[in-house]
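Structural features, examined
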Amino acid sequence: MDVHSPPSLSQADDRTIVGRAADGDVRAFEVLVRRYGPLMRAYATRVLGSNDETDDVVQESFITAWQQLSTLTDAGVVKSWLMRIVSRKSIDRIRARKQHVDIDDFEQEAPRAHGPERIAEAHSREAALSRALRAMPAQQRQCWVLKEIAEYSYDDIAAELDLPTSTVRGLLARARKNLMREMEEWR
Amino acid sequence: MSDEIALEGFEPADLDGHTIDELSDYLEAGCLPFDPSIESSPGCQIAMAALIRLRGVSLSLLETEAIDEPARDDSWVAGILNRIGFEAQAGRSIPVSHPSAQAFLTLTEGAVRGLIRAAGDSVTGVLIGRCRLQGDVTVPGEPITVLVDASVFWGESIPEAAARVREAIYAELLKHTELTIAAIDVVIHDVHLSRSLGEDAAEEIE
């Protein structure tokens, strides 16, 4: 079509990328996958407590995103929109697990030998939090991640996890105490 | 883990009678309405600073992990791209006339949007975003307005770029479709800093 190379899509702003992807541009969607995929993977791993299912959950999230992208009216919020999708998909997995095993059994698994937290050792405060989160009971961790990272309200967490709001409050209070203790000790 | 763990320095006795959970809710409400008994309590201020630190680390932990994520090989990305259904964005069917009365040809709206994007992108320094075909494209001869969202790289004249985008799109639609174009509206929503394009593209993908 033209001799010059077009401006790089990978540098384009979210509005351009989301607009194109919503119109069916697969290359733009690929940019979105590369741009937000790592954050979504890190998030899903935190919610799920291990990275066994992370790849699947994030892939499913992007497939849903592709199907629903044209309903997203404000491209500026695409990041939080994607985080909501990956939250929901992660929680679906947790629900599916629940039917088979008591959820806390999952926490007995040995931590991953490699992966994000090994590299995070370099960031010691973050490493302390990472260890504390891994040591927490699953429900406490899920509540914490949904509240502090995905910015869900108490009621939204309660609805997502099928728990009374009062239970969510209690879990979060314990999570907060546990984490503060770990973090303050570390200081 | 017990509910009853005492947290040194953060118990009600240290917080002038307040609890950590109250302080957390207070912070979340943007410290409104203003509570003098919290604001004037050194213990509460220390605890709130710790809460803010914890929250900050929670957020940065995820960002750091995202940066440190081992780069996914292309097969992971390809796995997603192979599973998305292209028909989702096909849109309406646009009739194309044919000499034979028996033949019924159509172009999908998605294909036409693809043509518009390619035409707009061919203009130096321009990247097309979303585009819309306004009007009933399924009826031949119906006047259609094309709405295009675009961004322009810094240093390009915006009015000139918009005019060239309009020309390029018009020429392309004239060549490949039978649409009656009433207008092409170009909205420039962003100006980017221009970069050395080819290299950056390679860098980003790694």
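Residues numbered from 1 in each chain as written. Chains lettered and ligands numbered in written order. Predicted model: local features only at pLDDT ≥ 70, side-chain atom pairs only at ≥ 80, totals over all residues.

An unreviewed UniProt entry lists chain B under the name Asp23/Gls24 family envelope stress response protein, from Subtercola boreus.

In the nomenclature of an unreviewed UniProt entry, chain A corresponds to RNA polymerase sigma factor from the organism Subtercola boreus.

Things to note about the domain arrangement of chain A
Residues and elements named next belong to chain A. Put simply, the rule reads: The split of the chain into domains comes from an automatic or database domain assignment. Contact between two residues is assigned when their C-beta atoms, built from the backbone, lie within 7 Å. What counts as a helix is a DSSP run of H or I of at least four residues, what counts as a strand is a run of E of at least two, and both are numbered from the N terminus. Polar here means any residue outside two lists: the nonpolar Ala, Val, Leu, Ile, Met, Phe, Trp, Tyr, Cys and Pro, and the charged Asp, Glu, Lys and Arg; Gly therefore counts as polar.
Each assigned domain of chain A is listed with its residue range as follows: domain 1 (10-109) and domain 2 (116-187). Facing 14 residues of domain 1, the contacting portion of domain 2 comprises 12 residues. When residues of the side of domain 1 that touches domain 2 are traced back to their parent elements, those giving at least two are helix 2 (26-48) and helix 4 (78-98). Here the side of domain 1 that touches domain 2 gets 5 residues from one element, more than from any other, and that element is helix 2. A per-class count over the side of domain 1 that touches domain 2 returns 8 nonpolar, 3 polar and 3 charged.

Brief notes about the interface of chain A and chain B
Interface size, as often reported, equals the accessible area lost upon joining of the parts. Facing the 58 residues of chain A at the interface are 58 residues of chain B. Looking at the side of chain A that touches chain B, the elements that each hand over two or more residues are helix 1 (14-22), helix 2, helix 3 (54-68), helix 5 (116-120), helix 6 (124-135), helix 7 (138-149) and helix 9 (165-186) of chain A. Per element, the largest residue contribution to the side of chain A that touches chain B is 11 residues, and it comes from helix 2 of chain A. In terms of residue class, the side of chain A that touches chain B is made up of 24 nonpolar, 15 polar and 19 charged.

What to know about the UniProt feature "domain: RNA polymerase sigma factor 70 region 4 type" (unreviewed entry) in chain A
This is how the line gets drawn: UniProt positions are given in the numbering used here, feature names are shortened, and annotations may be inferred rather than shown by experiment.
On the UniProt side, "domain: RNA polymerase sigma factor 70 region 4 type" (unreviewed entry) is annotated at positions that read residues 128-179 of chain A here. Split by type, residues 128-179 of chain A is 83% helix and 0% strand. Its first and last C-alpha atoms lie 9 Å apart.

Notes on the domain arrangement of chain B
As far as domains go, chain B holds domain 1 (20-68) and domain 2 (86-205). Computed over C-alpha atoms only, the centres of domain 1 of chain B and domain 2 of chain B are separated by 48 Å.

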